[in-house]
Amino acid sequence: MTANPDYLSLAVALADHIHEHYYIETPLIGEPPIPLFDDNCSSSLQMPARALEKLGVVEPWKDSVRYHVFTCAPSEFRDVMRKNENRGCSFDGLVLCLILCARLRDGKETEVFRYLVALGLCEPEMREIEHDAVPGYRVYENGKPKMRKTIAWTPKKARYDVLYNSWPSLFG
């Protein structure tokens, strides 16, 4: 991985991530289940959906605004995106999509996370696990606080926090 990843590499990482983690067999009423990417009407997934749609690798399923299907196999992502790169969102819009995906996976070692580290936007961090029901109460294992890997954002990410507030303008 290069220190300054290019647009297509980031776009392919985004498409791979969405395909791997969010493109799932979805049951339908009166029809067999089919693989769909559900953006859950959440900006954290709507932005990646719009970015990937502009690059030609996803399209809305039927007339849905929420469900998407991939138009090609993962092995074809780079070629399809290269043809549609001029229609794609900006580099910053693409990076914002990666940030949102990394937040959803919270520190899990993914290609998206590794690219964000390469861009200097975050670092892996180990934190003590707090009990879900009792804030401030630590979880222990073998007498030691149980740790989990999470994301430590760098000050460089603040720029993208500002961009997030106007995200619809980034995706047209």
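Below, the structure is looked at part by part. (Residues numbered from 1 in each chain as written. Predicted model: local features only at pLDDT ≥ 70, side-chain atom pairs only at ≥ 80, totals over all residues. Heavy atoms only, no water.)

### Side note on the overall build of the protein
- In terms of regular secondary structure, the protein is built from seven helices and eight strands.
- Overall, the protein is about 55 × 45 × 30 Å in size when its C-alpha atoms are taken along their principal axes.
- Looking at the 172 residues of the protein, the share that counts as buried comes to 42%.
- In the protein, the share of contacts with a sequence separation of at least 24, taken over all contacts with a separation of at least 6, comes to 67%.
- Accessible area for the protein stands at about 9600 Å²; split by element, carbon and sulfur atoms hold 51% of it. (Helix = DSSP H or I, 4+ residues; strand = E, 2+ residues; numbered from the N terminus. Buried < 20%, exposed > 50% of the residue type's maximum accessible area, 1.4 Å probe, protein only. Contact = heavy atoms within 4.5 Å. Areas by Shrake-Rupley, 256 points an atom, 1.4 Å probe, with all protein chains shown as cover.)

### Brief notes about the nonpolar core
- The biggest cluster of nonpolar side chains holds 51 residues, and the ones touching the most others in it are Leu-14, Ile-18, Met-81 and Leu-116.
- A total of 10 residues in this core trace back to one element, the largest contributor, which is helix α1 (residues 7-22).
- Here Met-81 is in contact with Leu-8, Ala-11, Val-12, Ala-15, Leu-52, Leu-55 and Val-57, once residues within four sequence places are set aside. (Core = buried A, V, L, I, M, F, W, Y, C linked by side-chain atoms within 4.5 Å.)

### Regarding the packing of α1 against helix α4 (residues 91-105)
- Look at α1 against α4: their axes get within 10 Å of each other, and the N-to-C directions meet at 35 degrees. α1 and α4 meet at a crossing whose hand is left-handed. Residues Tyr-7, Leu-10, Ala-11, Leu-14, His-17, Ile-18, His-21 and Tyr-22 of α1 form the contact with α4, whose own contacting residues are Phe-91, Leu-94, Val-95, Cys-97, Leu-98, Cys-101, Leu-104 and Arg-105.
- Partitioned by chemical class, the residues of the contact of α1 with α4 number 13 nonpolar, two polar and one charged. (Axes fitted to C-alpha atoms, helices over the stretch in contact; angles between N-to-C directions. Left-handed = near helix turned anticlockwise from the far one by under 90°. Nonpolar A, V, L, I, M, F, W, Y, C, P; charged D, E, K, R; others polar.)

### Here we look at the pattern of salt bridges
- Applying the stated criterion across every chain, the model contains five salt bridges.
- The shortest N-O distance in the salt bridge between Lys-62 and Glu-31 comes to 3.4 Å. Of this pair, Lys-62 sits in the loop between β3 (58-60) and β4 (67-70) while Glu-31 sits in strand β2 (residues 31-38), and the two are 31 residues apart along the sequence.
- The partly exposed category is assigned to Glu-31, whose relative accessible area is 38%.
- Ionic pairing is found between Arg-66 and Asp-38, a salt bridge with its closest N-O pair at 2.6 Å. Here Asp-38 lies in strand β2 and Arg-66 lies in the loop between β3 and β4, a separation of 28 residues in the sequence. (Salt bridge = Lys/Arg side-chain N within 4 Å of Asp/Glu carboxyl O.)

### Remarks on the packing of aromatic side chains
- For the structure shown, the criterion picks out three aromatic pairs.
- Here the aromatic rings of Tyr-23 and Phe-70 are separated by 4.7 Å at their centres, their planes lie at 80 degrees, and the arrangement is edge-to-face. With Tyr-23 in strand β1 (residues 23-28) and Phe-70 in strand β4, the pair connects residues that are 47 residues apart, well separated along the chain. Each member of the pair Tyr-23 and Phe-70 is classed as buried.
- Site record: aromatic cluster; members linked through ring pairs are Tyr-23, Phe-70 and Phe-77.
- The cationic tip of Lys-157 hangs over the ring face of Trp-153; the distance from NZ or CZ to the ring centre is 5.0 Å.
- When the ring centre of Tyr-160 is taken as origin, the NZ or CZ atom of Arg-159, which lies over that ring, is 5.3 Å away. (Phe/Tyr/Trp six-rings, centres within 6.5 Å; stacked < 30°, edge-to-face > 60°. Lys NZ or Arg CZ within 6 Å of the ring centre and 35° of its normal.)

### Some details on the sheet that holds β1
- Read across the open sheet, the four strands follow the order β1-β2-β4-β3; overall the sheet is antiparallel. Each of the sheet's edge strands pairs with one partner strand only, and the pair in question is β1 and β3. Across this sheet, the average inter-strand angle for adjacent strands is 55 degrees, counted without regard to direction.
- Judged from the three bridges that link them, β3 and β4 form a sheet pairing that is antiparallel. Bridge pairing links Pro-60 to His-68 in β4.
- The strands touched by α1 within the sheet are β1, β2 and β4, with β1 carrying the most contacts at an inclination of about 45 degrees. (Pairing = 2+ DSSP bridges.)

The values reported here are purely geometric and, on their own, carry no functional implication.
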